[in-house]
Amino acid sequence: MERLKAKIRDIPDFPKPGIVFKDITPLLADGPSFRTLTDALAARFASRKVDLVVGIEARGFVIGSAVGYVLGAGIVLIRKKGKLPYKTHKAIYQLEYGTDTLEIHEDAIKPGQRVIIVDDLLATGGTVSAAIDLVNKLGGTVVGIGFLVELTFLKGREKLREQEIFSLVQF
Ligand code: AMP
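Being a predicted model, the structure only gives us computed values, none of them experimental.

The rules behind each value
Residues numbered from 1 in each chain as written. Predicted model: local features only at pLDDT ≥ 70, side-chain atom pairs only at ≥ 80, totals over all residues. Heavy atoms only, no water. Helix = DSSP H or I, 4+ residues; strand = E, 2+ residues; numbered from the N terminus. Rg over C-alpha atoms; globule rule 2.2 N^0.38 Å. Buried < 20%, exposed > 50% of the residue type's maximum accessible area, 1.4 Å probe, protein only. Contact = heavy atoms within 4.5 Å. Areas by Shrake-Rupley, 256 points an atom, 1.4 Å probe, with all protein chains shown as cover. Lys, Arg positive; Asp, Glu negative; His and termini not counted. Charge placed at Lys NZ, Arg CZ, Asp CG, Glu CD. Pairing = 2+ DSSP bridges. Axes fitted to C-alpha atoms, helices over the stretch in contact; angles between N-to-C directions.

Below, the discussion takes up the overall build of the chain. Scanning the chain from N- to C-terminus turns up 6 helices and 9 strands. Against the globule reference of 16 Å for 171 residues, the chain gives a C-alpha radius of gyration of 15 Å, in line with a compact fold. For the chain, the spread of C-alpha atoms along the three principal axes comes to 40 × 35 × 30 Å. Looking at the chain as a whole, 46% of its 171 residues are labelled buried. In the chain, the proportion of contacts linking residues at least 24 apart, taken out of those at least 6 apart, comes to 59%. Only carbon and sulfur atoms are counted for the fraction: they give 53% of the accessible area of the chain, which is about 8500 Å². Positive and negative side-chain charges of the chain, numbering 24 and 20 respectively, have mean locations separated by a distance of 2 Å.

Okay, the sheet that holds strand β8 (residues 141-150) next. Sheet architecture is open: 7 strands sit in the order β5-β6-β4-β3-β7-β8-β9, paired in mixed fashion. Edge positions in the sheet fall to β5 (88-95) and β9 (165-170), since each of these pairs with one other strand and no more. Across the sheet, the mean angle separating the axes of adjacent strands is 25 degrees when strand polarity is ignored. Bridge count between strand β3 (residues 52-56) and strand β4 (residues 74-80): 5 bridges; the pairing is parallel. The residue bridging L52 from the neighbouring strand is G74, located in β4. On top of the sheet, helix α4 (residues 59-71) reaches β3, β4, β7 (114-122) and β8; it is set at about 140 degrees to β7, its chief contact. Contacts from helix α5 (residues 126-137) reach β3, β4, β5, β6 (98-105), β7 and β8 within the one sheet, and its direction differs from that of β5 by about 160 degrees.

Read these as spatial facts, not as claims about activity.
Now the structure itself:
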């Protein structure tokens, strides 16, 4: 995990002054690190009988699709407003730096399907809370949530008390 941590780069004042952006692209570009991250997340949820991995745009797609492949699970996309072509459900959420809207196709999850949600980073927890709301609206059951990075000082985990949260690297 220290090797993974060393490949995450700090970008000060991006996208706004005062935010230290955790840039995971050097980690994704390193084959052994990407495999370690994928295998570790997949192993954590392997026993949960996962039907679907929900990835959150855009870095959540990269990690989520690799984890879904390992688990033999399908992939569902949660995207920013206006990107999904079919009928959607929407959730508005608070970011560490602003507000935004997430959408999911209204038929993306069948009632009772077992879902894990994957994103690159847990900050305040607003994004993943909106994703949980969307999964619940469609009748899916969230059986776990996985992140590469957790910014523990923002206490996002406290918003998500009901959920099983797993992060590989903490700052
Ligand atoms: P939050 O809703 O506050 O938990 O923010 C999580 C989402 O915003 C994730 O999709 C992250 O990719 C992105 N994000 C928030 N803060 C940062 C940060 N400091 N560095 C990189 N990504 C971030």
